[in-house]
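Reading the structure
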Amino acid sequence: MSILNADLHCHSVVSDGTLTPEALAQRAHSNGVQLWSLTDHDEIGGQQRAATAAKEVGMQYLSGTEISVSFAGHTVHIVGLGFDIHDPRVVAGLQSTRGGRHARAQDMAAGLAKVGIHGSFEGALTYAGNPDLISRTHFARYLVETGVCKDTYEVFRRFLTEGKPGFVPHRWANLKDAIAWIRDAGGMAVIAHPARYDFTPNEEFALFTEFKAHGGQAVEVVTGSHSAAEALEYAGMAREFGLAASRGSDFHSPDESHTDLGALPWLPGDLTPVWELLQHRIQ
Ligand code: AMP
Ligand code: MN
Ligand code: MN
Ligand code: MN
């Protein structure tokens, strides 16, 4: 086993989390996290604050983000770790990835209005700490608050997933570009929560093959939404594709997330942990 309490995946109010970067740093530290990364969706606006807060509590830090990518008609998330947050291509790439969210959210609200749920764009926006990053999660919180559903899981199931009234297909970043932004800025690209995609075995094989061919280097083996069996399965994929392994809770909120910061199984000991390859990028 690789015994370092690293948590390299979570979200703050800069994307769809409910805690500030400072509160997350405190919580991670109290939970025993030794190496941390804040990985807001398509955003690096919280990075400086996260790094400073980590330093204040004496916790090691890697820069991070989680990029929304379109691949084979599905949305895939690529976590970037240890890159230079001032790199102009990273900054521009993430900015363009965020770009379509406002119009998408208006279309989502129009879809929800058709089934009698009105005012959801304005409602969701009141939950978005960063208006540039309005996401499905903010709609979910609004629909829970207004009593339409009992929790955010029910909102996704009934309204926000493919084929449901509030779902709007969206074109995110291209896989090759997302990997290049991160790599060219000195960082490492990681396939996030691989068990959460609805891929056929062939599509999944294509994802891993193309990811590797474009310079992707790691896969999230241990993550908040993986069962023990799924972690074993993707440990196998890491071995098969010669990828390093990452570990991250994907924590969003004390009220919504089942897995708290740092509260995760260890990585299997034979895999190369991402932090071994990113030693020189640790702050
Ligand atoms: P977006 O980037 O706007 O498509 O929103 C994606 C976010 O919604 C993810 O990062 C999760 O935080 C959340 N999410 C996606 N699917 C679900 C689900 N089935 N249940 C709860 N939250 C979800
Ligand atoms: Mn999220
Ligand atoms: Mn994700
Ligand atoms: Mn995430």
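Starting afresh in each chain, residues are numbered from 1 along the sequence in its written order. Chain letters and ligand numbers both follow the written order, the letters beginning at A and the numbers at 1. In keeping with the predicted nature of the model, local features appear solely for residues at pLDDT of at least 70, side-chain atom pairs appear and are counted solely at 80 or more, and the whole-chain, interface and lining totals rest on all residues. Calculated side-chain values reflect all of the structure's heavy atoms, with hydrogen atoms and water omitted.

Turning our attention to the overall build of the protein. Counting its regular elements, the protein contains 11 helices and nine strands. Computed over C-alpha atoms, the radius of gyration of the protein comes to 18 Å, within 12% of the 19 Å expected from 2.2 N^0.38 for 283 residues, which places it in the range of a compact globule. With the C-alpha coordinates of the protein rotated into their principal frame, the extents come out at 55 × 45 × 40 Å. Relative accessibility thresholds used throughout: buried, under 20% of the residue-type maximum; exposed, over 50%; partly exposed, between the two (1.4 Å probe, protein chains only). Within the protein, buried positions represent 56% of all 283 residues. By definition, residues are in contact when any of their heavy atoms lie within 4.5 Å. When contacts within the protein are restricted to residue pairs at least 6 apart in sequence, those whose partners lie at least 24 apart make up 72%. For the accessible areas, the method is Shrake-Rupley and the probe is 1.4 Å, while residue cover comes only from the protein chains on display. With an accessible surface of roughly 11900 Å², the protein has 51% of that area assigned to carbon and sulfur atoms. A run of H or I in DSSP becomes a helix once it reaches four residues, and a run of E becomes a strand once it reaches two; helices and strands are each numbered from the N terminus. Here the globule rule is a power law, 2.2 Å times the number of residues to the power 0.38, and the radius of gyration is based on C-alpha atoms.

Positionally, Glu66 belongs in strand β4 (residues 64-71). Notably, Glu66 is buried but unbridged: the nearest opposite-charge side chain belongs to Arg101, and the N-O separation is 8.5 Å. Separated by 2.9 Å, the side chains of Glu66 and His11 make a polar contact. With sequence-adjacent residues up to four places away left out, Glu66 is seen in contact with His9, His11, Thr39, Asp40, His41, Asp42, His77, Ile78, Val79, Ala192, His193 and Asp250. When charges are counted, Lys and Arg contribute as positive and Asp and Glu as negative, whereas His and the chain ends are disregarded. For this analysis, a salt bridge means a side-chain nitrogen from Lys or Arg found within 4 Å of a carboxyl oxygen belonging to Asp or Glu. Any pair of nitrogen or oxygen atoms within 3.5 Å is treated as a polar contact; in protein, a donor-acceptor pairing is required on top of that, and neighbouring residues in sequence qualify only through side-chain atoms on both sides.

This part is about the packing of aromatic side chains. Ring pairs are drawn from Phe, Tyr and Trp, using the six-membered ring of Trp, whenever the two centres fall within 6.5 Å, and their geometry is named by plane angle: stacked under 30 degrees, edge-to-face over 60, tilted for the rest. A full pass over the atoms with the stated rule returns six aromatic pairs. Ring centres 5.4 Å apart and planes at 65° place the aromatic pair Trp36 and Tyr61 in the edge-to-face group. One end of the pair, Trp36, is in strand β2 (residues 35-36); the other, Tyr61, is in strand β3 (residues 60-61), with 25 residues separating them in the sequence. Residue classification places Trp36 among the buried residues on the basis of a relative accessible area of 0%. Where Tyr197 meets Phe199, the ring centres are 5.8 Å apart and the plane angle is 55°; that geometry is what we call tilted. On the basis of relative accessibility, which here comes to 15%, the residue Phe199 falls in the buried class. Here the aromatic residues Phe205, Phe208, Tyr234 and Phe241 are joined through ring pairs into a cluster of three or more.

Quick look at the sheet that holds strand β1 (residues 6-7) now. The strand order β1-β2-β3 describes an open sheet built from three strands, whose pairing is parallel. Two strands bound the open sheet, and with one partner strand each, they are β1 and β3. Across two bridges, the pairing between β2 and β3 is parallel. Along β3, the bridge assignment pairs Leu35 with Gln60. Paired strands, as defined in this entry, are two strands with at least two bridges between them according to DSSP.

A separate point is the coordination of the manganese ion (ligand 3). At this site the manganese ion (ligand 3) is bound by Glu66 (OE), His77 (ND1) and His193 (NE2), with donor distances of 2.1 to 2.2 Å. Each metal site is built from N, O and S donor atoms within 2.8 Å (3.2 Å for Na, K and Ca), and since water is not included, such sites may look incomplete. Between the manganese ion (ligand 3) and the manganese ion (ligand 2) the interatomic distance amounts to 5.6 Å. With Glu66 in strand β4 and His193 in the loop between β7 (188-191) and α9 (201-213), the pair connects residues that are 127 residues apart, well separated along the chain. His193 carries the same exposure label as Glu66, and that label is buried.

Attention shifts here to helix α6 (residues 136-145). The buried fraction of α6 amounts to seven of the 10 residues, a majority that puts the element mostly inside the structure. The complete set of buried residues in α6 reads Thr137, His138, Phe139, Ala140, Arg141, Tyr142 and Leu143. Here the buried face of α6 lies against α4 (101-114), α5 (120-127) and α7 (152-160). Positive phi shows up at Gly147, right after α6, with a value of about 80°.

What follows covers the domain arrangement of the protein. Here the protein is described as being made up of domain 1 (6-97 + 173-281) and domain 2 (101-160). Each of domain 1 and domain 2 was reduced to a C-alpha centroid, and the two centroids are 25 Å apart. On the domain 2 side, the residues contacting the 14 residues of domain 1 number 10 residues. The junction of domain 1 with domain 2 conceals about 860 Å² of combined surface from both sides, 40% of it contributed by carbon and sulfur atoms. Between domain 1 and domain 2 we count two salt bridges in total. Residue Arg101 is joined to Asp42 by a salt bridge in which the shortest nitrogen-to-oxygen separation is 3.1 Å. The interface formed by domain 1 and domain 2 holds nine residue pairs in polar contact (both at pLDDT 80 or more) in total. The source of the domain bounds is an automatic or database domain assignment. Two parts placed together each lose some accessible area; with a 1.4 Å probe, that loss summed over both constitutes the buried area.

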